[in-house]
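Listed below are the residues making up each chain.
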Amino acid sequence: MSALTRVLRSLGGEEALSRLAALPGSDLTTLLLALMQRRARALSGPDVLRQYRSDRFVAPAEVPFTVLRAAEDRLLAALPPSFSVLGLAPVAPLGACSAVALMDQNNVVSTVRGTEVAADPTNALALEAALRRRSGPDDVRLAAVQRVVRAQLFEGAGRFAHFTLFAAVSAGRDRGSLAFEREHFAEHVAFLREACGDVEVRVTVLDPRFEVLRGDLPADPSRRTGYYKGLCFKVFRDGVEIGDGGFVDWTARLTGNRKERLLISGVGVDRFATL
């Protein structure tokens, strides 16, 4: 018996979940706020300390702050001046990952107020880029550094429940002959090399038309992904993966315009900082 089945049986069956899911957003928020308030009232100081000691989501970062900050500064200093750096909110609209980027909603931390804790700054940057693209014809370049939370269990060194990501996105309209893709892919790769030092960028071509973008970069034909479109890449330093990126259809989906193009890239700052 799954945990959900067991819980639903104690509440009267599947109908309980269906009735909750059918509530208007404001009514569901009212109910969940009352529930969380009641549960919080039952907690004592030692209860809170006990959770702080054992909950992987609330423990401080394992990488020293000064080391993280130095890595962040290095990335930001190498960013081309054409990029606007944003201070992103710590939460995003509910579904920012699952509805657009097709990430499992269980892999993010949903809140009781119809939002979700930031899980990837590229998703929030894509939302902002889609808004800015509506107001003008020019390409949009955005970047951010954000502490994020992932709910799935990770194993191995350098894998944390919360960590800092540097992200950059370039959004624009299809100009034909892969002109947008050529310009912005070259710009992102040049930035990553400048910021991260002696790195290897391995490219996976998902559409044969994008082979011309790869140039002399090594191919990674073994990678399979439904996340990216056309071309994606991973970034390695000293044999350790520190970042990845590629073309996605998020702004096209957000705006309803199939001519919109978006390139994203990201660097795991904690992992980069420890090298």
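Scroll up to find the structure.
Treat the numbers as computed from the prediction; the structure is a model and nothing was measured.

Below, the discussion takes up the overall build of the chain. Along its length, the chain carries 10 helices and nine strands. Dimensions along the principal axes, computed over C-alpha positions, put the chain at roughly 60 × 45 × 35 Å. Across the 275 residues in the chain, those meeting the buried criterion constitute 39%. For the chain, the share of sequence-separated contacts (at least 6 apart) that also reach a separation of at least 24 residues comes to 66%. About 15200 Å² of surface is accessible on the chain, with carbon and sulfur atoms providing 54% of the total.

Let us now look at the sheet that holds strand β8 (residues 240–248). Pairing is mixed across the open sheet formed by seven strands, whose spatial order is β1-β4-β5-β9-β8-β7-β6. Each end of this open sheet is capped by a strand with a single partner; those strands are β1 (84–85) and β6 (200–205). Pairing of strand β4 (residues 140–149) with strand β5 (residues 162–173), which is carried by 10 bridges, proceeds in the antiparallel orientation. When the bridges of β5 are listed, A143 appears paired with A168.

With the rule as written, the count across this model stands at 17 salt bridges. A salt bridge links R50 to D47, with the nearest nitrogen and oxygen atoms 2.8 Å apart. With R50 and D47 both in helix α4 (residues 45–54) and three residues apart, the pair spans about one turn of that helix. Residues participating in the shared-partner salt-bridge network are D139, R141, R175, E183 and E187.

Our next topic: the nonpolar core. Counting 39 residues, the largest nonpolar core has L75, F166, F185 and F233 as its most contacted members. For this core, the element with the highest residue contribution is helix α7 (residues 179–196), accounting for seven residues. If you look at the next biggest cluster of nonpolar residues, it comprises 18 residues, including L86, L125, A144 and L262.

Further remarks concern a nonpolar patch on the surface. Taken together, L49, Y52, F57 and V58 make up a surface patch of nonpolar side chains, about 360 Å² in accessible area. Its place among the elements puts V58 in the loop between α4 and α5 (65–78). In this structure V58 comes out as partly exposed when scored by relative accessible area, which is 38%.

Under the counting rule described, the total for this entry stands at five aromatic pairs. For the ring pair Y227 and Y228, a centre distance of 5.0 Å and an interplane angle of 80° mean the geometry is edge-to-face. Accessibility expressed as a relative area gives 23% for Y227, which makes it partly exposed. Take Y228: its relative accessible area is 6%, and that puts it in the buried class. Among the aromatic residues, those joined into a ring-pair cluster are Y227, Y228 and W250. One cation-aromatic arrangement involves R202 over F236; the distance from NZ or CZ to the ring centre is 3.8 Å.

Another point: unusual backbone geometry. Within the chain, S177 stands out as a residue other than glycine whose phi angle is a positive 55°. Locating S177 in the fold gives a position in the loop between β5 and α7. By relative accessible area, which is 69% here, S177 ends up exposed. Positive phi, normally seen in glycine, also occurs at D238, with a value near 55°. With respect to the helices and strands, the residue D238 is situated in the loop between β7 (231–237) and β8.

Definitions and cut-offs
- Residues numbered from 1 in each chain as written.
- Predicted model: local features only at pLDDT ≥ 70, side-chain atom pairs only at ≥ 80, totals over all residues.
- Heavy atoms only, no water.
- Helix = DSSP H or I, 4+ residues; strand = E, 2+ residues; numbered from the N terminus.
- Buried < 20%, exposed > 50% of the residue type's maximum accessible area, 1.4 Å probe, protein only.
- Contact = heavy atoms within 4.5 Å.
- Areas by Shrake-Rupley, 256 points an atom, 1.4 Å probe, with all protein chains shown as cover.
- Pairing = 2+ DSSP bridges.
- Salt bridge = Lys/Arg side-chain N within 4 Å of Asp/Glu carboxyl O.
- Core = buried A, V, L, I, M, F, W, Y, C linked by side-chain atoms within 4.5 Å.
- Patch = residues over 30% accessible without salt bridge, like charges linked within 9 Å, V, L, I, M, F, W, Y side chains within 5 Å.
- Phe/Tyr/Trp six-rings, centres within 6.5 Å; stacked < 30°, edge-to-face > 60°.
- Lys NZ or Arg CZ within 6 Å of the ring centre and 35° of its normal.

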